[in-house]
Amino acid sequence: QVQLVESGGGLVQAGGSLRLSCAASGSTFRIDRMGWYRQAPGKQRELVARITDGGSTYYLDSVKGRFTISRDNAKNTVYLQMNSLNPEDTAVYYCNAVGSFSGSIVFLPYWGQGTQVTVSS
């Protein structure tokens, strides 16, 4: 089994910064890519940023230039540095990891429990 433990959410004023962290456990699970999704009330969950094991990144257009995703492969940890936050960034942020267990070619997704980010105007 794989567990993702998130930390770093909270309340911040517009223009402020937060850093989210997500640590994955599971000794035989090889992670291919990790990312952050968010879901605001009444809206669908959307992919905010993603990073592969090779370091390739993807960003949602609305966060480009403000958010930075990074990864420590040795620690199976992914970070999301969020700068210049605005009220539209308010949402529950979920960590996601996709990978496979040793000896398997099946890729499986796992999710964290979610962490609330609230940006006040």
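Conventions and cut-offs
- Residues numbered from 1 in each chain as written.
- Predicted model: local features only at pLDDT ≥ 70, side-chain atom pairs only at ≥ 80, totals over all residues.
- Heavy atoms only, no water.
- Helix = DSSP H or I, 4+ residues; strand = E, 2+ residues; numbered from the N terminus.
- Buried < 20%, exposed > 50% of the residue type's maximum accessible area, 1.4 Å probe, protein only.
- Phe/Tyr/Trp six-rings, centres within 6.5 Å; stacked < 30°, edge-to-face > 60°.
- Lys NZ or Arg CZ within 6 Å of the ring centre and 35° of its normal.
- Pairing = 2+ DSSP bridges.
- Axes fitted to C-alpha atoms, helices over the stretch in contact; angles between N-to-C directions.

1. Comments concerning unusual backbone geometry
And then number 1: Of note in this structure, Asn76 is not a glycine but carries a positive phi near 50 degrees.
And then number 2: Turning to its location among the elements, Asn76 is positioned in the loop between strand 7 (67-72) and strand 8 (77-82).
And then number 3: Using a relative accessible area of 22% as the deciding quantity, one classes Asn76 as partly exposed.

2. A few points about the packing of aromatic side chains
And then number 1: Tallied over the full model, the rule gives four aromatic pairs.
And then number 2: A centroid spacing of 4.9 Å and a plane angle of 65 degrees characterise the contact between Tyr37 and Trp111, whose relative ring orientation is edge-to-face. With Tyr37 in strand 4 (residues 29-39) and Trp111 in strand 10 (residues 108-111), this pair connects stretches of sequence that are 74 residues apart.
And then number 3: Judged by its relative accessible area of 39%, Trp111 is partly exposed.
And then number 4: The cationic tip of Arg19 hangs over the ring face of Tyr79; the distance from NZ or CZ to the ring centre is 4.2 Å.
And then number 5: Positioned over the ring face of Trp111 is Arg45, at 4.7 Å from the centre of the ring.

3. Topic: the sheet that holds strand 1 (residues 3-7)
And then number 1: Sheet architecture is open: four strands sit in the order 1-3-8-7, paired in antiparallel fashion. The open sheet has two edge strands, strand 1 and strand 7, and neither has a second partner. Direction aside, neighbouring strands of the sheet carry axes that sit 15 degrees apart on average.
And then number 2: Relative to strand 8, strand 7 runs antiparallel, the two being bridged by six bridges. Pairing of Arg71 across the sheet is with Val78, part of strand 8.

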